[in-house]
Each structure stands twice: as structure tokens, then as C-alpha cells.
Amino acid sequence: MSFPRGGFPGPRFRLPVGAAVLVALTILGAVPASGATTFAGAARPSNVTSVSGLTASLSFSGFTTTGAGSPSSALTVSPGSVSASFHWDDTARAQHIPIAQAQIAALVFGFSAFTRVQVLQPANSNATGWVNLSSDFSIVRFLAEGVYQVVGSLTAQDGSTVWQESFYVHVVSTYHLVVINIVLILIAVYEVYNIAKLGSTRTYKKPETSPTPPEAVPEEMAKDAGKEGP
Amino acid sequence: MSEHPAVSGAASGAILFVCIVLLGQQFGYVDLSGLVTGILYLVVPAIIGGVIFGILGGVLARRARRKLLAADIKADVVAAKAEKK
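Conventions adopted
- Residues numbered from 1 in each chain as written.
- Chains lettered and ligands numbered in written order.
- Predicted model: local features only at pLDDT ≥ 70, side-chain atom pairs only at ≥ 80, totals over all residues.
- Heavy atoms only, no water.
- Core = buried A, V, L, I, M, F, W, Y, C linked by side-chain atoms within 4.5 Å.
- Buried < 20%, exposed > 50% of the residue type's maximum accessible area, 1.4 Å probe, protein only.
- Helix = DSSP H or I, 4+ residues; strand = E, 2+ residues; numbered from the N terminus.
- Contact = heavy atoms within 4.5 Å.
- pLDDT = per-residue confidence, 0-100.
- Phe/Tyr/Trp six-rings, centres within 6.5 Å; stacked < 30°, edge-to-face > 60°.

Draft legend 1. Region of interest: the nonpolar core. Core analysis: the largest hydrophobic core is formed by 28 residues, its most contacted members being Phe-60, Phe-86, Leu-154 and Phe-167 of chain A. Elements supplying a minimum of two residues to this core: strand S2 (55-60), strand S4 (75-77), strand S5 (81-89), strand S6 (99-108), strand S8 (128-136), strand S9 (146-156) and strand S10 (161-171) of chain A. Top element by residues in this core is S10 of chain A. It accounts for five residues. Contacts of Leu-154 of chain A, omitting those with residues within four sequence positions, involve Ala-56, Phe-86, Trp-88, Ile-99, Gln-101, Ala-102, Ser-160, Thr-161, Val-162 and Trp-163 of chain A. Ala-188 and Ile-195 of chain A together with Leu-16 and Phe-27 of chain B belong to the second-largest nonpolar core, a separate cluster that totals 10 residues.

Written as C-alpha cells, this is what we have:
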């Protein structure tokens, strides 16, 4: 394959190269949407920590979270409204823990990106109980998608966390049409264009100088000035 | 261009690789939930992309300049031959 004299890739190659990158990135994104496992390693149960005697379960948008302990086994959900339901059982303990708060949070870089808290007033001191949390993310459904670690927790009246479960959720948007994807693809294509531009000779061409020498102008002007004099 | 082509290529490569990692997270390939792993998943590809595209930028620029120089020399030779005639 020979490239034009302008350097690789020539002006007529830039658009096809950009289009090829765009198509490649789109195909890359379409693969996990078909349900293929995208992470290496086997699925593992969710990570649960609790005080002894207290058992609880959490369902997220109708799915049981116990088997979603790794990104490969993440619960696939659509963006929009999200619901979480906590059920706890403290019958094994003589003195029941009063549950005062249920919380769910999605983590990004270790920080809580989306948090939803339900405070029970007064605290529930029954042996068994449940809390429902619902959140509407319809406004941000065209903003982002992706795999997120979600942490659901139950907090006692004294503020201590008595039960906690972390699991993974894969938010999949229709056709991956979200703002962040479009912006990232545009930035990627622009950077590919910038790199391609480094190989073009037009980038390093010096601007051509004017053929008229600047010294000739003052002479003519001087003659004209002499004729026009009184 | 005001800056060295290798520097420009390295910057573009680093940004390109970070974009690819973030797209991977969006499409479900990469998990950026943890702080340390998330930063590692961004920094390591950025360094790799910077090095690869820095070298590539330098090579492409040198090739383009060499072509430009060759074209200038050729034009000078042609002009000299035309003057002789």
C-alpha cells in the first residue's frame, strides 16, 4: 500500500481512518451488549459483612444480589428508575438490633457517586423487617452507563453498620447512546487525527514570503510625494 | 507546530488511551470502582500510550520533514537545470 506524498495518512485518508476508528469503537461497545462475559475469572458471590446473628438479603431492581460479587456476574439493568429492597432477620439474637437506616451507594474510584438513604423514624426494633428504597435516574439515563460496584448497608441506631453487601451492576443503555460515550469517541477521533497530522508534510511547511521586496515601496512613495508637492 | 512532535504525540497517545479505558468502563469491560485499581487502570495505559505515540510522533515527523527536504532539493535541482538551459 502506497501513501500519497503529503505523508501518512494523506488528506484523503484522514476521513476513512477516523471513520474506521469510530466503527471499531462502536463494535467494541456492541459486543458486551449481546450478553457475553466481558471480565476474566469466574463469578463469585457478593461480599457480605454483618454482625453475628443478623442475616439479611438485598434485591436490586427485582434481582437477587448474592451471586453478583464480580464484574463478570454483574446484574444487567437498564438506566432509569432503580429499586432496592432490604430484608433482615435478627431472630437468632436475644436482643434485637434497632435498624435506623438503609443505604445504597454506587462507587466510582472508591467514592460514592450515587447514594440513596432511607431513614427509619423511629428505628425498627423488630426481629424481622424490610426497607424499600427507590430512586429515579431518568434525568441522567442519557449521561452514563457501565459497570459499577454498589454497596448496600443497614445501619443501627448508634450509627454502626450492622450489615453490608457489595455487588456489581452493569447499566446498559439502548445502543450505548449516552453523552459520555459520544464525547469520549469524539475526543479519541480528534487525538487520532492529531497523531496522523504529525506525519503530514503540510504541518512543517514554512509560509511563503511575499515576492515584492519591502525596499521598493519607499522609493515609489518618495517619487509620488515629490510630484504632488507645491 | 510550537512543540516537539514527540511531545505532541505523547500527549495525544496518553489522552487516547485514557479515552479507550473510560470507554471500556462505559461498555462494561473495565471496573473503575476501586480508587487504587481505578487510578492504575488509567495511569498505566496513559504512560504506555504516551511512550508508544511519542515515539510514533517523532518518527512520523522526521519522515515528513525528510520528505519535505527531499522535495525542496528536487525543486532546486530542477530550477538549476532550467537555468542552465
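From this point on, the discussion continues.
Draft legend 2. A look at the confidence of the model for chain A. All names here are of chain A. Per-residue confidence for chain A averages 78 on the pLDDT scale, and 70% of its residues sit at or above 70. Per-element confidence in chain A is highest for helix H2 (residues 179-198), whose mean pLDDT is 94, and lowest for helix H1 (residues 11-33), whose mean pLDDT is 54. Contacts from residues 29-41, a stretch scored under 50 in pLDDT, to residues over four places away or in other chains number 20 contacts.

Draft legend 3. Highlighting the packing of aromatic side chains. Residues and elements named next belong to chain A. Enumeration over the complete set of coordinates arrives at three aromatic pairs over all chains. A ring pair is formed by Phe-86 and Trp-163, whose centres lie 6.2 Å apart and whose planes are at 85 degrees; its orientation type is edge-to-face. Here Phe-86 is found in strand S5, whereas its partner Trp-163 is found in strand S10, with 77 residues between them in sequence.

Draft legend 4. Fine view of unusual backbone geometry. Residues and elements named next belong to chain A. Pro-122 follows Gln-121 through a cis peptide bond whose omega is 0 degrees. Inspection of the secondary structure puts Pro-122 in strand S7 (residues 111-124). Positive phi, close to 50 degrees, is recorded for Ser-61, a residue that is not glycine. The residue Ser-61 is located in the loop between S2 and strand S3 (63-64) in this model. Residue Ser-61 is classed as partly exposed on the basis of its relative accessible area, which comes to 28%. If you check the backbone angles, Phe-109 has positive phi at about 55 degrees while not being a glycine. With respect to the helices and strands, Phe-109 occurs in the loop between S6 and S7.

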